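Residue strings, one per chain:
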Amino acid sequence: MHEFGIAETIVQTALDAARAHGAARVDVVRVRIGDLSGVVEEALRFAFESIADGTPAGGARLEIERAPVRCYCSSCGVEFATAPLDYQCPACGAISGDVRGGREMDLVSIEVS
Ligand SMILES: [Zn+2]
């Protein structure tokens, strides 16, 4: 379950941010997860809550944004959003082998108080 490793990094980063700002607690943590990242949202929430519990990040709200898969069609010269395993260009029907987005696991922002 690699969600625990990811959650550990998120909580650690949030705690560092709180300390750097002289804040007592972490209120909100926002992350962006690509549809191809393999991260299971529920598992990440569970891991985040377990790890944050008893720290200044305990009770913080974890907001999860999804990032769709994005492919590039070289014939049309456009990037399109699609679903995992569906890499067909909506304009010309060609199958794109050029996946440009959807694997991200980014920490978007942290709110502390
Ligand atoms: Zn196309």
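I will try to describe carefully the structure that is included in this document. Predicted, not measured: the structure shown is a model, and the values here were computed from it.

**A word on the pairing of strand β2 (residues 61-67)**
Sheet analysis places strand β1 (residues 26-34) next to β2, joined by seven bridges and oriented parallel. In the strand pairing of β2, V28 is matched with R61. Crossover β1 to β2 through helix α2 (residues 41-52) is right-handed.

**Quick look at the sheet that holds strand β5 (residues 99-101)**
Across the sheet, which stays open at both edges, the three strands sit in the order β4-β3-β5 with antiparallel pairing between neighbours. The open sheet has two edge strands with one neighbour each: β4 (78-82) and β5. The mean angle between the axes of side-by-side strands here comes to 40°, regardless of whether they run parallel or antiparallel. Pairing analysis gives five bridges linking strand β3 (residues 69-73) to β4, with the strands arranged antiparallel. Counted as the bridge partner of Y72 is E79 from β4.

**A word on the nonpolar core**
Among the nonpolar cores identified, the biggest contains 19 residues, and I10, A14, V26, V29 and F48 are the most heavily contacted of them. Broken down by secondary-structure element, the contributors of at least two residues to this core are α1 (3-20), β1, α2 and β6 (105-112). Considering every element that reaches this core, the biggest residue donor is α1, with six residues. Those residues within four positions of A14 in sequence are excluded, and the remaining contacts are V26, V29, A57, A60 and I110.

**A closer look at unusual backbone geometry**
The phi torsion of most residues other than glycine is negative, and most of the peptide bonds are trans. Phi at L85 takes a positive value of approximately 70°, unusual for a residue other than glycine. For L85, the location among the structural elements is in the loop between β4 and β5.

**What about the packing of α1 against α2?**
Between α1 and α2, the least distance of the axes is 8 Å, while the angle of their chain directions is 50°. The angle between α1 and α2 places the two elements in the oblique class. The element α1 and its partner α2 pack so that their crossing is right-handed. Contacts between α1 and α2 involve E3, F4, I6, A7, E8, I10 and V11 on the former and, on the latter, A43, L44, A47, F48, I51 and A52. Split into classes, the residues belonging to the contact of α1 with α2 amount to 11 nonpolar, no polar and two charged.

**As for the sheet that holds β1**
Taking strand neighbours across the sheet as the criterion, the three strands line up as β2-β1-β6 in an open arrangement whose pairing is mixed. A strand with exactly one partner marks an edge of an open sheet, and here the two such strands are β2 and β6. Averaged over neighbouring strand pairs, the angle between their axes works out to 15° when direction is ignored. Here α1 sits on the sheet and contacts β1 and β6; the angle it forms with β6, its principal contact strand, is near 35°.

**Concerning the environment of T55**
Tracing the backbone shows T55 in the loop between α2 and β2. Classification of T55 as partly exposed rests on a count of 16 C-beta atoms within 10 Å. Taking C-alpha positions, T55 is 9.1 Å from V26, a pair spaced 29 residues apart along the chain.

Scoring rules and cut-offs
Residues numbered from 1 in each chain as written. Predicted model: local features only at pLDDT ≥ 70, side-chain atom pairs only at ≥ 80, totals over all residues. Pairing = 2+ DSSP bridges. Helix = DSSP H or I, 4+ residues; strand = E, 2+ residues; numbered from the N terminus. Right-handed = clockwise from strand over helix to strand, strands pointing away. Axes fitted to C-alpha atoms, helices over the stretch in contact; angles between N-to-C directions. Core = buried A, V, L, I, M, F, W, Y, C linked by C-beta atoms within 7 Å. Buried ≥ 20, exposed ≤ 12 C-beta atoms within 10 Å, placed from the backbone. Contact = placed C-beta atoms within 7 Å. Parallel < 35°, antiparallel > 145°, perpendicular 65-115°, else oblique. Left-handed = near helix turned anticlockwise from the far one by under 90°. Nonpolar A, V, L, I, M, F, W, Y, C, P; charged D, E, K, R; others polar.

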